[in-house]
Structure formats: structure tokens, C-alpha cells
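So you can see what is in the structure, the chains are spelled out below.
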Amino acid sequence: MGLEAGLRSETPTVGGPVSVAAEDAARSAVHNSGSTAHACVSAAPMPAHLDPWECRLLDDPNLLGDIAFAIGGPFHVMYPPRVAHNIREFHAAFEKAAVRGVLYYGKKANKAACVTRSCAENGAGVDVSSADELRAALAHGVRGDELMVTGPAKADELLWLATRHGALIAVDDLGELGRLAALGSAAAPTRVLLRVLPAASASRFGMTSDEIDGALALLGESESIRLEGFSFHLSGYDAVARAELAGELITRCLHARTLGHPATTVSIGGGFGVDYVPADAAAEFTERVGRQWFHSGKSFDSYYPYHFPAPGAAMLARILHHDDLAGRLRDNAIRLAIEPGRALLAHAGCTVFRVQGSKTRHAHGQPYRLLTVDGSSLSLSEQWFDSEYLPDPMLWPTRPGTPTPTSVGAATCLDSDMLSWRRVPLPRAAELGDLLIYPNTAGYQMDSNESAFHELPIPPKVVLHDASGDHFRWTRDGS
Ligand SMILES: *Cc1c(COP(=O)(O)O)cnc(C)c1O
């Protein structure tokens with residue numbers, strides 16, 4: 001089956017409106033703790049939306065403890081059926097708008113082999129930016145012509161491999177075209193998109209209109225390169241900006257066709273939002289946040305938008321609907337490519353640390369817990385952006401207790417290495433050996449920053465598999 005797979009008929013195994021004890025417990029616990037005694041030093045709760053598989057994992061009396069025992073350090077958990085579900089939702093949005101669509105997973109968001117495998121099995125391609133990413137995608141079943149290659153001026157090795165395997169290359173720089181011309185042949189032309197620098201953008205990526213004209217002139221003389229269309233990738237999560245720029249790229253395709261190029265694809269890159277926490281929690285947090293909530297009076301300038309009302313495929317539907325972009329794509333026989341990274345991994349993984357130390361500290365005359373867990377904040381990469389990962393970690397196992405504001409530090413000798421500076425309103429005091437589960441970490445949090453600092457082990461990824469009944473089996477990811 002090709003990349004343009006339509007809606008599959010099998011019943012989704014995830015994402016249903018299931019209410020499970022773990023989720024209820026997590027919610028009632030954080031609500032209680034937001035109230036009286038610790039209201040001043042305890043951060044407002046940011047309870048994550050939990051997928052049914054996560055509730056099953058948290059409710060299992062043994063599984064998390066068994067995996068933690070076997071691994072002996074922090075680990076990430078992946079649930080590939082949720083990736084498959086996310087892919088199906090994107091395909092369904094294309095299908096509903098009657099648009100030819102193609103999906104390339106932005107591989108930098110998570111290295112796990114099981115994600116690439118899920119793409120291969122569910123009709124999604126992969127967007128790579130290095131020779132090793134390309135090799136890994138091929139190794140886990142993605143075909144060469146299902147690959148997109150993006151990134152600034154690319155290494156010769158990457159361009160050579162991409163050409164050999166028939167990948168679609170998003171050219172970012174005129175010099176790349178010159179190098180590519182030497183690689184393809186008239187019999188097997190190199191497939192390219194031209195990456196456009198949006199008019200008002202100060203990004204270092206993409207080509208200006210003059211550079212695009214120069215590229216079209218160069219391509220007019222080349223028999224070894226085939227221009228298949230244009231691309232962009234925007235930061236932020238604005239559906240309208242993407243729809244409007246896609247409209248401009250359709251016009252560019254039509255112009256390129258007058259010059260004899262096939263130009264049939266517009267790629268709008270990634271940047272599809274993920275909804276981590278409910279609207280009311282995010283609003284309350286933003287309204288009340290202040291230094292009084294944070295260990296050592298820390299503050300951050302900005303936070304990621306953890307509440308996102310129309311995430312993933314719903315955002316794609318909005319883009320397609322805006323100004324009837326879908327109609328324009330259809331009328332001009334153009335296929336729309338998307339490159340979701342984070343959104344493809346929404347609700348597909350979590351990260352588990354073990355509590356190995358617990359101190360009591362005081363702020364504003366009130367006690368709070370300061371934990372040490374067995375890993376580092378580099379396994380929770382929001383720190384890269386000088387910010388904090390706000391969906392609340394959950395304490396396992398669930399037991400009755402007194403709500404306790406809790407900051408979480410890493411097992412390193414850096415004062416600044418904190419997983420949670422804010423005092424998370426945990427439902428009870430954490431004890432040695434408890435597990436702390438950070439939810440929804442598959443997109444970018446797991447391995448973008450992974451580091452063997454202090455010769456601490458890099459957390460392995462554990463893959464959950466559905467077994468008979470409601471049981472999970474688990475393996476180590478094969479990346
Ligand atoms: C990072 C990146 C993506 C993926 O972005 P997300 O925000 O994770 O969806 C897609 N395309 C390009 C060119 C990128 O650099």
C-alpha cells in the first residue's frame with residue numbers, strides 16, 4: 001500500500017471516551033490539593049489528559065513496578081497503537097476533505113524504532129534530516145520513495161543516499177541544487193521540492209523569491225532533477241498562516257508547470273498542536289503563576305501552549321477548510337504533504353523515574369517535598385527552551401495520603417538540573433521507591449537532549465504490546 005492510504009476500516013483501539021479509575025483518582029487528588037493549606041506554595045494542578053492505555057498501565061498493580069525493577073533506572077514507555085491511531089486521524093481528515101494527502105513523520109521528534117515501524121505499517125512516510133535518520137527509517141521498513149529529506153544545506157552523504165533511494169528532497173539552498181545535479185540521471189531523476197522562505201519571516205531556512213527564480217532557471221536546464229513542488233515549515237501553530245502560505249505555493253506550482261515542471265506537491269511542514277491539559281487548568285495556571293510556586297523562587301518567561309483546542313488532525317481539517325484550500329488543491333490536482341512530528345506522537349508515550357531521595361523544605365513558612373529521582377532533566381527536554389514541562393507527573397502506586405507540594409530534582413550534581421521546579425500538587429507525600437510518571441512525553445521530551453552526563457545510563461524505551469484480555473506485554477524498543 002502506498003502513502004496515500006485512505007481511511008482504514010479497523011476499529012481504533014485507542015482514543016475512546018473511557019473513564020478509568022486512575023484518571024479519576026488523579027483528578028480528584030489534584031483538585032483536593034489545590035484548596036486550602038498549600039494554596040500559597042503549591043502550583044495549580046495541570047492534570048494531563050490520559051489515554052485509555054495510560055490508565056490501564058497506571059491501574060495495573062504490578063506492571064510499572066516490574067518494568068522499573070527489570071530496567072533498574074529511568075525509562076520511557078511507548079504505545080505504538082496510539083501512533084497508528086494518530087496517523088489514521090490525519091488520513092481521515094484528508095479523506096473527509098477529498099484531498100490527496102501524504103504524511104511524513106518528522107523523525108527528529110522521537111528516535112524510537114517502533115514509531116518508524118508504525119509509520120511503515122500505517123501508510124505514513126518519514127521526514128529525515130541526517131544520513132543516520134535516513135538509514136534508520138529504511139531499516140525499519142519505510143521505503144525510499146516514502147522518505148522526505150529536509151534540513152539546511154545537507155551533507156553530501158545524505159544527498160547521495162536520498163538520491164539512490166528515490167526520496168523527495170526539500171532543497172533549502174541554491175548550492176544544494178548544483179550538488180544534486182551531479183547525482184541524478186535523466187533515467188532516474190532526483191525528486192525535489194523547493195523550500196520557500198515566507199515573505200515576512202526572518203528564519204534561516206528556505207529560499208527568497210529571487211533564489212526560487214534562480215532555482216527555476218537552474219532546473220530548466222537540468223534533466224537529472226525533477227521539480228515536484230514547493231514546501232515550507234513554520235514555527236508556531238497558526239492554521240490560517242499555513243493555509244494562506246499553502247495557497248501561495250499552489251500559485252508557485254502553477255507557474256512552475258508553465259515552465260514544464262511536473263510540480264504536483266505542496267508540503268506545509270509540521271507544527272500541528274497537541275492538547276496536553278484541559279482548558280480550565282491551563283487558564284488557571286497562567287492566571288495565577290508566580291515565583292511563590294517554585295523551588296528557590298525560580299521563574300520562567302514563557303511556557304509551551306499545553307492546552308491546544310483543535311490539535312493534530314482537527315488542525316489539519318481547519319487548514320483545509322480555510323478559504324476552501326481543499327477545493328483549490330483538488331481543482332489544480334495538487335497533493336498536500338504534511339510533516340507532523342509532535343502531533344504524530346500525541347498521547348503515545350510517557351516517562352518514568354524512580355524516587356531515590358526526599359527532603360522536606362520550607363517556603364513562606366510552609367513545608368514541601370524536594371525529591372531526587374534517578375535520572376536527569378535532559379530526559380525531559382523542555383529545559384532546552386529555558387522552560388518547564390507543565391503536565392503534572394503522577395505518583396505510582398496510588399495510595400491515600402496527604403496532598404503534598406513537591407519539586408523534583410535530578411540525580412546529578414548540578415543545582416539547576418530540576419525536572420519540576422514548580423511545586424507539583426501530588427496527592428500524597430512521595431516515598432523512596434515510588435515511581436513518578438511524566439505523561440505524554442513521546443513528542444520531543446524523550447530523546448532530543450539525551451545525555452550520558454555523569455555516566456548515568458540513557459533511559460531505554462520500553463514498548464507496550466496488547467496481550468490477551470486487558471494485559472500488556474513489553475519489550476525494549478529495537479532502535
Ligand atoms: C521539526 C520539523 C517538522 C516537525 O515539526 P513538529 O512541530 O514536530 O510537527 C516538520 N518539518 C520540518 C522541516 C521540521 O524541521
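Residues numbered from 1 in each chain as written. Predicted model: local features only at pLDDT ≥ 70, side-chain atom pairs only at ≥ 80, totals over all residues. Heavy atoms only, no water.

### Observations concerning the environment of threonine 404
Then step 1. The residue threonine 404 is located in strand β13 (residues 404-409) in this model.
Then step 2. Take threonine 404: its relative accessible area is 11%, and that puts it in the buried class.
Then step 3. Sequence separation of threonine 404 and arginine 473 is 69 residues, and the distance between their C-alpha atoms is 33 Å.
Then step 4. Excluding residues within four positions of it along the chain, threonine 404 makes contact with Arg369, Val424, Pro425, Leu426, Arg428 and Ala429.
Then step 5. From its side chain, threonine 404 meets the backbone oxygen of threonine 402 in a polar contact 2.7 Å long. (Helix = DSSP H or I, 4+ residues; strand = E, 2+ residues; numbered from the N terminus. Buried < 20%, exposed > 50% of the residue type's maximum accessible area, 1.4 Å probe, protein only. Contact = heavy atoms within 4.5 Å. Polar contact = N/O pair within 3.5 Å; in protein donor to acceptor, adjacent residues only side chain to side chain.)

### Some thoughts on the packing of aromatic side chains
Then step 1. Across all of its chains, the model carries 15 aromatic pairs by this definition.
Then step 2. Seen in terms of ring centroids, tyrosine 276 and tyrosine 389 are 6.1 Å apart; in terms of plane orientation they differ by 90 degrees. Their pairing is edge-to-face. Highlighted residues: tyrosine 276 in the loop between β8 (265-267) and α11 (279-288) and tyrosine 389 in the loop between β11 (366-373) and β12 (394-396), separated in sequence by 113 residues. Summarising the burial analysis for this pair, tyrosine 276 and tyrosine 389 share the class buried.
Then step 3. Three or more aromatic residues joined by ring pairs form one cluster here, namely Tyr237, Tyr276, Tyr304, Tyr306, Phe308 and Tyr389.
Then step 4. One cation-aromatic arrangement involves arginine 56 over phenylalanine 472; the distance from NZ or CZ to the ring centre is 3.9 Å. (Phe/Tyr/Trp six-rings, centres within 6.5 Å; stacked < 30°, edge-to-face > 60°. Lys NZ or Arg CZ within 6 Å of the ring centre and 35° of its normal.)

### Quick word on the packing of helix α6 (residues 131-139) against helix α7 (residues 156-164)
Then step 1. Taken N-terminus to C-terminus, the directions of α6 and α7 make an angle of 30 degrees; their axes are 9 Å apart at the nearest point. Judged by the angle between their axes, α6 and α7 are roughly parallel. Note on element contacts: α7 touches α6 through Glu157, Leu158, Leu161 and Ala162, opposite Ala131, Leu134 and Arg135.
Then step 2. Among the residues making up the contact of α6 with α7, the classes are represented as five nonpolar, no polar and two charged. (Axes fitted to C-alpha atoms, helices over the stretch in contact; angles between N-to-C directions. Parallel < 35°, antiparallel > 145°, perpendicular 65-115°, else oblique. Nonpolar A, V, L, I, M, F, W, Y, C, P; charged D, E, K, R; others polar.)

### Re the site of the ligand
Then step 1. Every residue close to the ligand is listed here: Lys108, Asp127, Thr150, Arg195, His233, Gly270, Gly271, Glu339, Pro340, Gly341, Arg342 and Tyr444.
Then step 2. Protein chains shield 88% of the accessible area of the ligand, which is 390 Å² for the free molecule.
Then step 3. Along the lines of polarity and charge, the residues of the shell around the ligand split into two nonpolar, five polar and five charged. (Near = heavy atom within 4 Å. Areas by Shrake-Rupley, 256 points an atom, 1.4 Å probe, with all protein chains shown as cover.)

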